[in-house]
Amino acid sequence: MQNGTSKENKVLSRQELSERLNALREEGRTTVFTNGCFDLLHPGHIRYLTRAAELGDVLVVALNSDDSVRRVKGTDRPVLGELDRAEVLAALECVDFVTVFREETPLETIVALRPDILVKGGDWPVDQIVGKDFVEKHGGKVLAIEFEEGYSTTRIIDRIRSSEGSSGISG
């Protein structure tokens, strides 16, 4: 979409976003939906989000809340809070909207937003992507985008932690 929406207007509640997407749907726009923690953005994330955006007209990123990240990744995560992560994602040109979900999975958000295309990284088998049945039942597509090898937020965090212990860096 990239219609000059400022990053402040890109981070919306699920309800606000549902209303915006309904209006865009009436204009014939295709909505692409993805979700994740996006704790520390790296080139793998950027490439993935860029590819996802190319699949339709509007890219929506549903972001795990801080509590949701802790349930999925452990008590020492996220590194950045949900508002900071949302701001960073909203600043990306390829991302049209960001919403935060608090549940363990994004299913409620997917149902509320009714995307045309649901995507996850290739490390997710298509048949295990949350929301697949709902999206397909409503005529949409579910895709796995090729996974970027060599990029992992967990590995980046582990590398930072190991260098702090060995070099005396603190912070």
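1. Here's the deal with helix α5 (residues 82-90)
- What α5 keeps buried is the set E82, R85, A86, L89 and A90. Down the axis of α5, the smallest arc covering the buried residues is 130°, so these residues share one side.

2. A short note on the layout of surface pockets
- Considered as a void within the structure, the largest pocket measures approximately 800 Å³ in volume.
- Surrounding the largest pocket, 33 residues form its lining, G36, K73, K120, D123 and W124 being those nearest its centre.
- If you list the elements that add at least two residues to the lining of the largest pocket, you get β1 (31-36), α3 (43-53), α4 (66-73), β4 (117-121) and α8 (153-167).
- By residue class, the composition of the lining of the largest pocket is 12 nonpolar, 12 polar and nine charged.

3. Here we look at the state of the cysteines
- The final tally for this structure, using the stated rule, is zero disulfides.
- Unpaired in terms of disulfides, C37 finds its nearest cysteine sulfur in C94, a separation of 18 Å.

4. Some thoughts on the pairing of β1
- Taken across its six residues, β1 has six buried, putting it largely inside the fold.
- Here β1 shows a buried face lined by T31, F33 and N35 and a second buried face lined by V32, T34 and G36.
- As paired strands, β1 and strand β2 (residues 58-64) are joined by six bridges and run parallel to one another. Paired with V32 across the bridge in β2 is L59.
- Since β1 and β2 lie parallel, the crossover through α3 that links them has a hand, and here it is right-handed.

5. Topic: the pattern of salt bridges
- Overall, the coordinates contain eight salt bridges when judged by the stated rule.
- With its nearest N and O atoms 3.9 Å apart, the salt bridge here joins E108 to R14. Here E108, found in helix α6 (residues 107-113), pairs with R14, found in helix α2 (residues 14-26); they are 94 residues apart in sequence, far enough to count as distant.
- Classification of E108 as partly exposed rests on a relative accessible area of 48%.
- On the basis of relative accessible area, R14 is assigned to the partly exposed category, the value being 24%.
- One salt bridge connects R102 with E82, and the closest N-O pair in it is separated by 2.9 Å. Highlighted residues: R102 in the loop between β3 (97-101) and α6 and E82 in helix α5, separated in sequence by 20 residues.
- Salt bridges linked by common partners bring R14, E103 and E108 together as one network.

Thresholds applied
Residues numbered from 1 in each chain as written. Predicted model: local features only at pLDDT ≥ 70, side-chain atom pairs only at ≥ 80, totals over all residues. Heavy atoms only, no water. Buried < 20%, exposed > 50% of the residue type's maximum accessible area, 1.4 Å probe, protein only. Helix = DSSP H or I, 4+ residues; strand = E, 2+ residues; numbered from the N terminus. Arc of directions from axis to C-beta. 1 Å grid on protein atoms, 1.4 Å probe; cavity = no way out; pocket = protein on both sides within 12 Å on 5 of 7 lines; lining within 4 Å. Points joined across faces, edges and corners; volume = space filled by probe spheres on them. Nonpolar A, V, L, I, M, F, W, Y, C, P; charged D, E, K, R; others polar. Disulfide = S-S within 2.5 Å. Pairing = 2+ DSSP bridges. Right-handed = clockwise from strand over helix to strand, strands pointing away. Salt bridge = Lys/Arg side-chain N within 4 Å of Asp/Glu carboxyl O.

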